[in-house]
Amino acid sequence: MPKRVGIEVSLAASEAACACDTDVVAAYPITPQTHIVEHLSELVADGKLDAEFVPVESEHSAMSVCVGSSAAGARTFTATSSQGLALMHEILFIAPALRTPIVMVVANRALSGPISIWNDHSDIMAERDVGWIQTFAENGQEVFDLIIHAFRVAEDPEVLLPIMVNLDGFTLSHVIEPIEMLSASEVKRYLKPYKPQMVLDPKVPVTMGPVGMPEVYTEAKQQIEALLQGSKNVVVKAWKEFAKHYGRTYKPIETYRTKGAAVVLLTMGSVSETAMTAVDRMWDKGMRVGLMRFRLWRPFPLQEFRRAMRGVKVLAVMDRAISYGGLGGPVFTEVRSALYGTFEQPQVFGFVAGLGGRDITVDMFEEMVKKAIRYAKRGKGPTYELIGVRER
Amino acid sequence: MAKVDAIIGWRNLEIGCAITEPGSSRKLRTGDWRSQRPVTDRKKCIKCGMCWIFCPDIVYSPLRSGYYKWDGEYCKGCGICAHECPKDAITMVTEGD
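### Topic: the interface of chain B and chain A
How big an interface is tends to be reported as the loss of accessible area on association of its parts.
Right, on to step 1. Taken together, the contact pairs 14 residues of chain B with 19 residues of chain A.
Right, on to step 2. Its residues assigned to classes, the side of chain B that touches chain A comprises ten nonpolar, three polar and one charged.

This is how it looks when you write it as structure tokens:
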């Protein structure tokens, strides 16, 4: 039976990468990811993790080293946040294109400006389309488990794509939670040694990342798109295997009290626990409101989402990022698009909240739900709005 | 159906679009978009090999006679050889003339 210990979630993330016997860590410290990198460097320095720790000078280099080490056949881990993730941007596209199964933890934080070190999802939503598998953790245990799951999925020969495991900065990264820590030997039963399908080796020379002329570029893109879409089955299968080994079950979309609920609230990440409290309170008041949460964001779990939406009349989507000049938050626009053309098309309303570390309270969730119900009854409302914004 | 100019199907692409045949770039003829070509006047040439050394591609190769052979398959007409030639033996001639 694995030991349950009280540990800071950041340290648990490092311990997870350590339990996975990571070969290379290349990372640059940035708030609120810092403790993850610090602890990994300690683990390497103390000889607890036999890995190459590369203290690079920027996140652009961090991701470049990760692509290189992964291409050389090493199990590779890194972590970043906010501006750091943005600085990695151009290399983020290259990692899936070269089929390098890197695992990266993103401690989600707002993007400048104004400068903000606090939590929201604007960093990750700006990297939505880079070709990485993306999962979101709700609590510390999920962070630990999703990292182990990530290596298993990423390194699957049918996938060979990088994965970002998202955890909310501070609200998750800096809290101490009781977590069941799996040891390296326990992880080994689930995660086999990495067997790269193609490596940089002078004895068998290959060229990775050559120019793609117009005659081949479209096909190269299609290869990644097909793999990413197809990876969903591997993601789900790996979660099922995880449940068999360790007893914790994960799904692409989690629902809470949606049975008999005509109104559903949709969230992502750690605020979902606050949202559950809000849902409980609303049921107590006689409001039939359920909660839906994306754990898997890329590839978008379309069938699972549509299935979960059966019978739902009103959907209130909460975004933690703003899409300037757009039609609503990134989650909202995508979710609404996913429902277009379905038989029972529900009314969907978007709410942007919790930007740059602003608290999202139980009352706020109730406000969103009540507004969505009101707009739905009236048959119209703003497609999306900011919650808790002060005018003057 | 519209004409597709793809050279390979996506299902047949190597992992990550990698090239697995070493030295395959030699097969890539890159001199077809040149607008000028260098022409060497062998009366002025002193066989110093500066054109061979400075060529950024693999256009020039030494001959037994000491002169240098020009290979149009790779020449992009950059003119570096003409610029570097100490005897002004190389002149750039517009293609098609």
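### Digging into the pairing of strand 6 (residues 133-136) of chain A
Residues and elements named next belong to chain A.
Right, on to step 1. The side-chain alternation of strand 6 yields two buried faces, one formed by Ile 133 and Thr 135 and the other by Gln 134 and Phe 136.
Right, on to step 2. With four bridges joining them, strand 6 and strand 7 (residues 163-168) adopt parallel strand pairing. By the bridge assignment, Ile 133 is partnered in strand 7 with Ile 163.
Right, on to step 3. Following the chain from strand 6 across helix 6 (residues 140-154) to the adjacent parallel strand 7, one finds a crossover that is right-handed.
Right, on to step 4. When strand 6 meets strand 12 (residues 296-298), the two strands line up antiparallel, connected through two bridges. Counted as the bridge partner of Gln 134 is Arg 298 from strand 12.

### So, the sheet that holds strand 11 (residues 289-294) of chain A
Residues and elements named next belong to chain A.
Right, on to step 1. Strand order in this open sheet of six strands is 9-11-10-13-14-15, and the pairing throughout is mixed. Strand pairing shows two members of the sheet lacking a second neighbour, strand 9 (253-256) and strand 15 (384-386), which therefore form its edges. Ignoring strand direction, the axes of neighbouring strands in this sheet form an average angle of 20°.
Right, on to step 2. Pairing geometry for strand 14 (residues 347-352) and strand 15, over three bridges, is parallel. Paired with Phe 351 across the strands is Glu 385, a residue of strand 15.
Right, on to step 3. Running at roughly 165° to strand 11, helix 9 (residues 272-284) makes contact with strand 9, strand 10 (263-268) and strand 11 of the sheet.

### Let's talk about the environment of Trp 70 of chain B
All names here are of chain B.
Right, on to step 1. Position of Trp 70 relative to the elements: it lies in strand 3 (residues 68-70).
Right, on to step 2. Between the alpha carbons of Trp 70 and Asp 5 there is a distance of 32 Å; along the sequence they are 65 residues apart.
Right, on to step 3. Dropping the residues within four chain positions of it, Trp 70 is found in contact with Pro 38, Thr 40, Val 59, Tyr 60 and Cys 75.

### Some details on the packing of helix 6 of chain A against helix 8 (residues 214-246) of chain A
Residue and element names in this part refer to chain A.
Right, on to step 1. The N-to-C vectors of helix 6 and helix 8 enclose an angle of 130°; their axes lie 10 Å apart at closest approach. As far as their axial angle goes, helix 8 and helix 6 are oblique. At the point where helix 6 passes helix 8, the crossing takes the right-handed sense. Residues Asp 145, His 149, Arg 152 and Val 153 of helix 6 lie in contact with helix 8, whose contacting residues are Ser 231, Val 234, Val 235, Ala 238, Trp 239 and Phe 242.
Right, on to step 2. The class makeup of the residues in the contact of helix 6 with helix 8 is six nonpolar, two polar and two charged.

### Focus: unusual backbone geometry
Residues and elements named next belong to chain A.
Right, on to step 1. Residue Pro 32 is reached from Thr 31 by a cis peptide bond, and omega for that bond is 0°.
Right, on to step 2. Mapped onto the elements, Pro 32 comes out in the loop between strand 2 (24-27) and helix 2 (34-45).
Right, on to step 3. The peptide bond linking Arg 298 to Pro 299 adopts the cis configuration, its omega dihedral lying at -5°.
Right, on to step 4. Turning to its location among the elements, Pro 299 is positioned in the loop between strand 12 and helix 10 (302-308).
Right, on to step 5. The phi torsion at Leu 160 lies on the positive side, around 50°, for a residue other than glycine.
Right, on to step 6. Within the fold, Leu 160 resides in the loop between helix 6 and strand 7.
Right, on to step 7. Since 22 C-beta atoms lie within 10 Å of it, Leu 160 is described here as buried.

### A look at the sheet that holds strand 5 (residues 103-108) of chain A
Residues and elements named next belong to chain A.
Right, on to step 1. Taken together, seven strands build an open sheet; the order of strands is 3-2-4-5-7-6-12 and the sheet is mixed. With partners counted over all chains shown, the strands left at the sheet margins are strand 3 (52-55) and strand 12, one partner each. Taking each pair of neighbouring strands and ignoring which way they run, the sheet shows an average axis angle of 20°.
Right, on to step 2. With four bridges connecting them, strand 4 (residues 76-80) and strand 5 associate as parallel partners. Note that in strand 5 the partner of Phe 77 across the bridge is Val 103.

### Here we look at the pairing of strand 11 of chain A
All names here are of chain A.
Right, on to step 1. Here strand 11 lies mainly inside the structure; six of its six residues are buried.
Right, on to step 2. Taking every second residue as pointing to the same face, both faces of strand 11 are buried, with Val 289, Leu 291 and Arg 293 on one and Gly 290, Met 292 and Phe 294 on the other.
Right, on to step 3. Judged from the four bridges that link them, strand 9 and strand 11 form a sheet pairing that is antiparallel. Each residue of the ladder has a partner; that of Ile 253, found in strand 11, is Phe 294.

### What to know about helix 3 (residues 59-71) of chain A
Residues and elements named next belong to chain A.
Right, on to step 1. The end-to-end C-alpha distance of helix 3, which contains 13 residues, comes to 18 Å, matching closely the 18 Å that a straight helix rising 1.5 Å per residue would cover.
Right, on to step 2. Regarding helix 3, the residues found buried are Glu 59, Ala 62, Met 63, Val 65, Cys 66, Val 67, Ser 69, Ser 70 and Ala 71.
Right, on to step 3. In this structure, the buried side of helix 3 is in contact with strand 2, strand 3, strand 4 and helix 4 (82-97).
Right, on to step 4. Just downstream of helix 3 lies Gly 73, where phi reads positive at about 100°.

### Quick look at helix 4 of chain A
Residues and elements named next belong to chain A.
Right, on to step 1. Taking 1.5 Å of rise per residue, 16 residues should cover 22 Å, and helix 4 covers 23 Å from first to last C-alpha, within 8% of that figure.
Right, on to step 2. Taken together, the buried positions of helix 4 are occupied by Ser 82, Gly 84, Leu 85, Met 88, Leu 92, Ala 95, Pro 96 and Ala 97.
Right, on to step 3. Taken together, the buried residues of helix 4 touch helix 3, strand 4, strand 5, helix 5 (122-125) and helix 8.
Right, on to step 4. One or two residues past the end of helix 4 sits Arg 99, with phi positive at roughly 60°.

Quick notes on the rules
Residues numbered from 1 in each chain as written. Chains lettered and ligands numbered in written order. Predicted model: local features only at pLDDT ≥ 70, side-chain atom pairs only at ≥ 80, totals over all residues. Contact = placed C-beta atoms within 7 Å. Nonpolar A, V, L, I, M, F, W, Y, C, P; charged D, E, K, R; others polar. Buried ≥ 20, exposed ≤ 12 C-beta atoms within 10 Å, placed from the backbone. Helix = DSSP H or I, 4+ residues; strand = E, 2+ residues; numbered from the N terminus. Pairing = 2+ DSSP bridges. Right-handed = clockwise from strand over helix to strand, strands pointing away. Axes fitted to C-alpha atoms, helices over the stretch in contact; angles between N-to-C directions. Parallel < 35°, antiparallel > 145°, perpendicular 65-115°, else oblique. Left-handed = near helix turned anticlockwise from the far one by under 90°. Expected span 1.5 Å × (residues − 1).

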